[in-house]
Amino acid sequence: SPLDTPASSLFSGLKVISLCTLLSRVLGLVRDVGMAVLFGNGAVMDAFTVAFRIPNLARRFFGEGALTAAFLPVFVGEMEKHGRPSAWKVGSAVLVLLGVSLCFLVLVAELALWGLSLWGPITSEGQLLIQLTAIMLPYLVLICLSAQMSAMLHALGHFTWPALVPVLLNVVWIAGIWWIAPRFASPLQQVTVVSVCILIAGVLQMIAPWPTLCR
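Residues numbered from 1 in each chain as written. Predicted model: local features only at pLDDT ≥ 70, side-chain atom pairs only at ≥ 80, totals over all residues. Heavy atoms only, no water.

A. Structural view of helix H6 (residues 138-155). The terminal C-alpha atoms of H6 lie 27 Å apart, and with 18 residues this matches the ideal 26 Å at 1.5 Å per residue to within 8%. Summarising burial for H6: 16 of the 18 residues are buried, a large majority. Of the residues one or two after H6, Gly157 is the one with positive phi, at around 85°. (Helix = DSSP H or I, 4+ residues; strand = E, 2+ residues; numbered from the N terminus. Expected span 1.5 Å × (residues − 1). Buried < 20%, exposed > 50% of the residue type's maximum accessible area, 1.4 Å probe, protein only.)

So this is what it looks like as structure tokens:
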């Protein structure tokens, strides 16, 4: 646990987090430049920004916000009092409950978007927003579960994978912008490709820390 982690290990973890955060910010700048070059300022970029903001906002509530703040002390306390097996049961229960709840929430939202696209008087810009939101909504589940696993790894004194999670998103996003999307002629196809790349990045963000957490 963090209470038993040597100061040298904590300092090493701080260096890893700082370097990965710096790398993520640099990659984020490259990503933003690529998005501006590919789409400019217009309806496509506006629709993408709003669609991505929805799962990103949920991440702040369910992934790195109040839930993590409430969960982490319980996880650490359980580990200190009853050992890692008991803490693992608590962490597993939270992951399962969070995953099931968010999947249900996403399913309801997807059905609502589907109904809105069928029966509502929607403009072409609104239809694009609905389409991109439907593609990226599952990212909400993936990034929130990834954030909870990162919190557990922090409690266990592992800092590398939690620090690399945002880097993974930017790397896949940049690959989508610079190498995959330009192969398509239509901006609508290009923005769809970028949205799918973000979903793929979410899968990688959730899978990558898992082996370390299991060990």
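B. Expanded view of the packing of aromatic side chains. Counted under the stated rule, the structure contains seven aromatic pairs. When the ring of Phe52 is compared with that of Trp173, the centres are 5.1 Å apart and the planes differ by 65°; the resulting orientation is edge-to-face. In this pair, Phe52 is assigned in helix H2 (residues 43-63) and Trp173 in helix H7 (residues 160-180), connecting sequence segments 121 residues apart. Here the two residues Phe52 and Trp173 agree in accessibility, since each one is buried. When the ring of Trp88 is compared with that of Trp210, the centres are 6.1 Å apart and the planes differ by 45°; the resulting orientation is tilted. Residue Trp88 is located in helix H4 (residues 84-119), and its partner Trp210 is located in helix H9 (residues 210-214); the two are separated by 122 residues in the primary sequence. For Trp210, a relative accessible area of 38% gives the class partly exposed. (Phe/Tyr/Trp six-rings, centres within 6.5 Å; stacked < 30°, edge-to-face > 60°.)

C. The arrangement of the pattern of salt bridges in detail. One pass over the full model with this rule turns up one salt bridge. Asp32 is the salt-bridge partner of Arg31, the closest N and O atoms lying 3.2 Å from each other. According to the relative accessible area criterion, Arg31 is buried, its value standing at 18%. For Asp32, a relative accessible area of 41% translates into the label partly exposed. (Salt bridge = Lys/Arg side-chain N within 4 Å of Asp/Glu carboxyl O.)

D. The arrangement of helix H5 (residues 124-136) in detail. Under the 1.5 Å per step criterion, the end-to-end length of H5 is 18 Å for 13 residues, consistent within 8% with the ideal 18 Å. Regarding H5, the residues found buried are Leu128, Ile130, Leu132, Thr133, Ile135 and Met136.

E. Structural detail: the packing of H6 against H7. Packing of H6 against H7 brings their axes to within 9 Å, and their N-to-C directions diverge by 155°. Taken together, the axis directions place H6 and H7 in an arrangement best described as roughly antiparallel. Contact residues: Tyr139, Ile143, Ser146, Ser150, Leu153 and His154 in H6; Trp161, Pro162, Val165 and Leu169 in H7. (Axes fitted to C-alpha atoms, helices over the stretch in contact; angles between N-to-C directions. Parallel < 35°, antiparallel > 145°, perpendicular 65-115°, else oblique. Contact = heavy atoms within 4.5 Å.)

F. Main features of a nonpolar patch on the surface. Judged by side-chain polarity, Leu22, Val26, Leu29, Val30, Val33, Val37, Trp178, Trp179, Ile180 and Phe184 come together as a nonpolar surface patch covering roughly 960 Å² of accessible area. Mapped by element, the contributors of at least two residues to the nonpolar patch are helix H1 (7-39) and H7. At six residues, H1 tops the list of elements feeding residues into the nonpolar patch. Along the chain, Trp179 falls in helix H7. Exposure remark for Trp179: the relative accessible area of 56% places this residue in the exposed category. (Patch = residues over 30% accessible without salt bridge, like charges linked within 9 Å, V, L, I, M, F, W, Y side chains within 5 Å. Areas by Shrake-Rupley, 256 points an atom, 1.4 Å probe, with all protein chains shown as cover.)

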